[in-house]
Structures are given as structure tokens and as C-alpha cells.
Amino acid sequence: MTIVKNRLFWPVAILVALLIVNLFTSNQFITLQDGHLFGALIDILRGSAPLILVALGMTLVISTGGIDLSVGSVMAISGAVACLLIKDLGDQNATGSVLLIMGVAIAVSAALGLWNGSLVAVVGIQPIIATLILMVAGRGLAQLVTDGQIINVQSSPYATVATGFFLTLPVAFLIAMAAVALILVLTRRTALGLLLESVGGSPSASRLAGIRAKRITVMVYVVSGAFAGLAGLIYSANIKSADSIAAGNLIELDAILAVVIGGTALIGGRFSIAGTVVGAILIQTLQVTVVSIGVPSKATLLFKAVVVVVLCLSQSATFREKVFGRFKLRSEVPA
Amino acid sequence: MGEPATDPVLEMTGIRKVFPGVVALDGVDFRLYPGEVHALMGENGAGKSTLIKVLTGVYEIDGGDIRLGGEQVRIAGPLAAQKAGISTVYQEVNLCTNLTVAENIFIGREPRAFGKIRWGVMRKRAAELLKRLDLDLDVSAPLSTYSLAIQQMVAIARAVDISARVLILDEPTSSLDASEVEQLFRVMRRLKDDGVAILFVSHFLDQIYEISDRLTVLRNGQLIGEYRTAELPQVQLVEKMIGKELATLESLEDKAQRSRTRSATAAPILQAKGIGRTGAIAPFDLTIHEGEVVGLAGLLGSGRTELARLLFGADKADQGELSIDGKPVTLRDPQMAMKRGIAFSSENRRTEGIIGDLSVRENIILALQAARGWTRPIPRRKQDEIVDKYVKALSIRPADPERPVRNLSGGNQQKVLLARWLITEPRLLIIDEPTRGIDVGAKAEIQKLVAELSDGGMAVLFVSAELEEVLRLSHKIAVLRDRRLVEELDNTAGVDADRIMQTIASGATS
């Protein structure tokens, strides 16, 4: 009973159910091949990396009561910056230079996050509007960087980020897990998590408790920007090019969904990193499943919507009460 | 336990309500007769709020039955309660201040013709209704143009217009000043004469004795008894509520008397010279010494809170000089004040105090953690140690540190806030209305605590609307009027409530 009541029970149950469907529909679910793991499950883990990264940042932003709509655009900018710089390298396979360039792209993304955070915390613009600015302008910025072209690169160290394997696991997934670990340590081993939840719960009370709420708010947008930048690199490394239009298109919505599925309320306050990871993997699995069970492409969005509705209903206390409540025994009434 | 000749309009018997781990109501009986004001008394956590929520359909009962006008009823929700003739007005007014008075009264049930709202009729009926309560308001003005007291009366007008059998007033007076309370009582008496049964909750004993006919006392979810107010002396009432002798309260009285003479050698902690903020508080001078309790007295809106906020950096002063330990400082934000040993507990417990979603433990350590910065978390074992100590020392109930603070009663939330600041070991504690809306027991405990802290050398700036309290605790009293500090006087033998009232009334500087 207590397991069922856990807020992650239903997301995990649906995730497991989807994975079981994949177990039967995919040719190979998981096998060892060419010295690394291979199969539908591994594809899911690899493919979910960008979403996990974006959703992680989104979780922190949402915990402060904000939202970051610009993540998709930041992904596009990050990929564009990286590809532009790599293309100009004398040797595109120079690992050191590629790593440096990736660092630059992430720094640019963090700076964009700083812009968002400053608009929200210092200027006092509502988060949804503040980040909408960059959401719209960002794609234009990315197109300026790439001069409206799709920039192709032939860099194997860069490609490794998305398609490589390390210790039999996809590098992209390992990067995402490292980010999860980093955030878990930052929020749960330091007092950052408490301060975040406090700022999200009540900014004015937090300020009077001596918390410098503005700094914390700026910081979460910076983290969100940096993680979106990293996700943008994985996305662009995967297709070995910078596509300013398609990169991270609508990912902000999937990320918000992942956060909500994970049990973090949109109004801010309490947040769950583990929940967000489950949510992100669930969404990715759903996307893969839609293809693997042969839902016609015209109906995939609808199918996805249905699963999401079921999931949200399963998490709604009111709905559960209505459906299951009547079977519950009434508590003892002494005379 | 005499009772009126008529039958009760509301009769609750053997009401039981259980929450996980807590029996909130354990076989409670409650009767309400038409045309009476019946006070529901009890400490925080005694079950008053639960009983009211049962009546208003917020909670379903686990046992017992409710009869309205002799018929057994099941109150399934707030709408059902309203239909059954039970209306409630809460401490915090649940109206839309941006709408007009008339709109607020008729919201959701506007007089219509062919789907169109008949504004004229609505305004006329609103004016008539208010006139019946002796209120002369501009019904087409936004509600926000009126004081909180008037807003509350508009809420009452709305409530009685919807259904007029039982009216529940849950701490309606806690943020009203004396004349506003009088106005409210006039309205209550009028309704009583019309046969409305009024259930009244207030923490002010004087008000209970002024307005109520009978009272019911609850303690720890159990019924202690039902009495005629006139036949139950105050002291006995308090004893029944807290279930122990009044020794605590009285010893406090002695203590405060003893310690009123502050040591003359104490060093000043904080000195304000001409500190002010345009539109909030006129420039004032104030010095606070070690171990001194400075009381701020004045009416609601006299600038008490504004003054306190400047000394904590919650608002920035735009003129004057402030020095702490003799060193001049400009407080730009609360953390700067905290670093210099100042703590501030706001009067708005819910919006500027507690973080409702967080646990008692997290709320308590919050300020200390903020002072240490996020990179230096307080080890969990240390947290538990501190929190346990203060939960015990301040008898915070329920004594479960992991419970969300939102679920605690007002008095216990206040204690959590005090604990939050005490663990930062401040040298100057600024507390704004710490005893508002909490029961006598908790009130006495908090007053006792303030006296003890001051004896231990902590300076306290104590802001309260209750003169008695200010007089009992303070060494020095600063009186405010119209956003101006008008007088500062030592709390010596000659100073009493009348003396301060005079200053408040006349604004004279002697």
C-alpha cells in the first residue's frame, strides 16, 4: 500500500510496462555486440540523455517557482557555436581542441542562462516572459551564427559525445548520469536544495530568513542554460551538424512534462531529481515505443497524449479518490 | 449549565475526527441556540479549527452526528454547509478586494434578467443589506478602499444574506483595533437580535466576556464543558483551557516586575539617529541596549512594523544613520543585519514567516543555514539535535520535526519561527506581533520566553498591538502614532495603559 502511494509508483509502473512492450516488439532488447551493449533499451538510454539534461535544469528552475522556455533555443545556439568552431579547426579530430570548443559552447549557454536569470531576479520580469524572449530570439541568434546554413562537421571526438561507448554504456547517457550525480550532490549534500525549496515555497519569507534569493534564482537559470548547452552538443554531435531549426525544437515542453511526471509541482517548492530522471526516460521510452509498436506516424502525437493523460490522472489525488475511494473501508466509528 | 428555553438550532453529539496519528476530536458535543453568541474556547490544537471545519463541510466526520433544526444532516462540502444555513467568516477575509463592495456581496448569485446582470438592483440590495447592519458604505467602490474591519463586515453581510441560521466567526477580531472591534460587536448584536446563532472564536478573553452568552471549552480534542459566560470567572476559564494552574502566567508577572530596572551599565547594541523612510515612517531616534526589552506601542498602521523593518534591513532606510556596536552601517538586506546579530520575525506569519511546504526541522534551521551559506550545510545530526532541543524547550506540538509546518496551528508556527531565530543566537531579537492570533497558553509561554531571553542579556524589540503585553514586558516603551515616533518613556511605576493611550490619542510629546 505504501509503495502504491509513493508518488513515483505510477510513473515507474508505466515505464516498466512500456519497456516490457519493447522487450517483445523490438528485434533486440539488450545484447552485447562489438564490445558494448546494444539494443532497444540502450537506444532509449542514449536517446534520453539530452532530455534528462534539460529536464534537470528545468527541475531546479521550477523548484524556485520559475520556468525556462528558452532551453531549446540554447541547445541550438550551443550546437551552432560548437560546429562553427570545429569546422574551422585545422584538424577536426584534435580531441583537446574539440573539448575546449565544447567548453566554450557550454560557457556561452551559461551566459545565456545568466541573461535569463538576471531578467527574472534583477529586473523582475515574470519567468515565462523573460525566457520567452530568448526562446524566440535564440533561434534567430543560432541562425545568425550559422549564417542560416546547416554546418556539417567530420570530427570523431565530437561524434563520440553522442554515439560513443565507454565501459559498454553510451557516452551520452554517462554524461547525463554524471550531471544527475552532480546535481544530487549539489542539492542534497549541500544546503542548496533546502534554500531552493525555501525560495520556491515563499520568496518573501526566504528573504526575511536571510536567504539571498536573487542569487539563487540567477544561479538556477545559469545551470539550466549550461545543461541545455550540453544537451545541444549531444544533439548536434549525434547528427554531426548544427541544425538551428530542429535542434531542441519543443524540448522545453517535454522537459516540463518530465519534471511534472517526476512529482515536482509547477508552483515551486519541493522537487525530486530522481522523479525528473524517471520522467525524462519515460518520455523517451514512449517515443521509441510509439515507433516500435507501429503506431502510424500520423497518430503518434495523439498516442503520446493519451499515455500522458493516463499518467497525469494516476497522479491526481482527486481522481484516485473518485475512482478507488469508494472501495476504501470507512474508519471505525465508536458509539 | 443553564440553557435557553428554545431548541438548539445546531446540535453536534459525539463528534469524532481522526487524522493520521492524531485524534483531533474525540466525542465532542456542541450546541448552538438561536439568538446567542457562543464562544468556542481552547488552546491551539484543542480542536476548535477542526470542529469548525467539520461544520463548514471541509472535513467529514468519522463518528457522531450533526442535527440542524432537529434533523440529522451530513455536511458533505462547503456548498452543502451553505445550503444548510451555515456561513463562515474567517480571520483572513476571503473576498476579492479588486471588486466592488456590491459585487463581493453578490458574487456567484448576481441578480439577473435574461442572463444579464442587473447592476442597479444589485447595488440597491447591497446598500439595503449593509444599512441593516448599520454600515454606510459606497457599494460601488472597490472593496480595497475600505479597512480590513469593514471588509470583514462586508464578508459577514454576504454570509448572513446567503443563509442566516448559523454564522461562524473564526477569529474575526485578531487584526482589528478597539474601535473596529466595537463596530463589529454592534453588527453581531444586531444579528443576534434577529435570531442568528453565532459561533465566535477569539483569543481575546475580554472580547469573549463582552460579547458571548455561553461558551464551550475544548482541550486536546475533548469537550471540557459548556458554560454560561457570566457564571465562569476568567481565571477558571483559562485554567480549563490550559488544564493547569495559572502559575506560569503569574510567575511571569513577578519576573517582569523584578527585571524592569535594567542595569544602567548595559552597552547600547543599536543606535538609530534620524532613520526614516519616506511614506513609511518619519525619521526617529532609538537606542537599544543589551538585555533591554523595548516595546513598540501604537495602533494598527501607526508605523510599528515599518520601524521594525528598517532596523533589520527588510526595507531600506532612505535617510538617517544607524550604528550597531558603535559602528555605522547601512543595512541593504536582511542578511547584513543577521551578520550583525539582529533577528526579525515578521507579523505576517504565513507570507513572511513560515515556508509551509517545508518541515518543522527545515523551517527551524533555515535562518542559521542561510547565514552559513549553502556550501556549509548543517550536519543532519546537528540539525536533529538543535531542533529536538527547541521543540522541547518551546513545547512545539505536535513534536514531530518532519511534519510540514503548514499543518501546525498558528501558535506552534509562531514558536517554530522563534526557534528559527533563537538558534542564530541573535543579540537583538525583533519580534513583530508574536502573540497575535494565538491562545493564552502559548501567549504566556512566548512572553515568558521574552523575559528570560532579556534576563540572559539579549535585547528585544517587542512590537504588539496589546498594550498589556507591552507594559508587562518592556523596560522602555516607544509610542507611535501616524507613522511617527511620538514618545519614548521608561516603563516605571507611573506608566500604565491609560498613560500610553493618552499619548496615542493626543500625539503629545511630553
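Residue numbers run consecutively from 1 along every chain, following the written order of its sequence. Here every chain gets a letter starting at A, and every ligand a number starting at 1, in the order they are written. Given that the model is predicted, a residue must reach a pLDDT of at least 70 before its local features are reported, and side-chain atom pairs must reach 80 or more before they are shown or counted; all residues, however, enter totals for whole chains, interfaces and linings.

Participant: Sorry, what's going on with the overall build of chain B here?
Facilitator: Comment: elements are numbered from the N terminus, with helices defined as DSSP H or I runs of at least four residues and strands as E runs of at least two. The helix and strand inventory of chain B stands at 18 helices and 22 strands. For 510 residues, the compact-globule formula gives about 24 Å, and the C-alpha radius of gyration of chain B, at 24 Å, lands near that figure. Taking the principal axes of its C-alpha atoms as reference, chain B extends roughly 70 × 50 × 50 Å. What the globule rule says is 2.2 Å times the number of residues to the power 0.38, and the radius of gyration is computed from C-alpha atoms.

Participant: Help me understand the sheet that holds strand β13 (residues 268-277) of chain B, please; the structure alone is not making it clear to me.
Facilitator: Backbone hydrogen bonds hold the strands of a sheet together, and the pairing may be parallel or antiparallel. All names here are of chain B. Read from one edge of the open sheet, four strands run β14-β13-β16-β17, paired in antiparallel fashion. Strand pairing shows two members of the sheet lacking a second neighbour, β14 (281-289) and β17 (327-329), which therefore form its edges. Within this sheet the neighbouring strands show an average axis-to-axis angle of 20 degrees, counted without direction. For two strands to be treated as a pair, DSSP must find at least two bridges joining them. As defined by bridge partners, β13 adjoins strand β16 (residues 319-324) across five bridges and the pair is classed as antiparallel. The partner of Gly-276 across the bridge, within β16, is Gln-319. Contact between two residues is assigned when their C-beta atoms, built from the backbone, lie within 7 Å. Axis definition: a line fitted to C-alpha atoms, over the contacting stretch in the case of helices. Angles run 0 to 180 degrees between N-to-C directions. Against the sheet, helix α10 (residues 304-312) engages β13 and β14, with an angle of about 120 degrees to β13.

Participant: How do you make sense of the packing of helix α3 (residues 40-63) of chain A against helix α12 (residues 251-261) of chain A when you look at a structure like this?
Facilitator: In a pair of packed helices, the angle between the axes and the distance between the axes together describe the arrangement. All names here are of chain A. For the pair α3 and α12, interaxial distance at closest approach is 8 Å and the crossing angle is 65 degrees. Of the two possible hands of crossing, α3 and α12 adopt the one that is right-handed. Contact residues: α3 offers Leu-51, Val-54, Ala-55, Met-58, Thr-59 and Ile-62, while α12 offers Ile-251, Asp-254, Ala-255, Ile-256, Ala-258 and Val-259. Residues are grouped as follows: Ala, Val, Leu, Ile, Met, Phe, Trp, Tyr, Cys and Pro are nonpolar; Asp, Glu, Lys and Arg are charged; every other residue, Gly included, is polar. Classifying every residue of the contact of α3 with α12 gives 10 nonpolar, one polar and one charged. In this scheme, a crossing is called left-handed if the near helix is turned counterclockwise away from the far one by less than a right angle; it is called right-handed if the turn is clockwise.

Participant: What am I meant to see in the domain arrangement of chain B here?
Facilitator: Interfaces are often sized by the amount of accessible area the parts lose when they come together. All names here are of chain B. As used throughout, domain bounds are those supplied by an automatic or database domain assignment. If you check the domain split of chain B, you get domain 1 (10-243), domain 2 (267-341 + 428-446 + 459-510) and domain 3 (349-425). A C-alpha centroid distance of 25 Å is found between domain 2 and domain 3. At the interface, 10 residues of domain 2 touch 10 residues of domain 3. Counting residues per element, the ones that place at least two in the side of domain 2 that touches domain 3 are α11 (334-339) and α16 (440-455). Per element, the largest residue contribution to the side of domain 2 that touches domain 3 is three residues, and it comes from α16. Residues belonging to the side of domain 2 that touches domain 3 are distributed by class as follows: six nonpolar, two polar and two charged.

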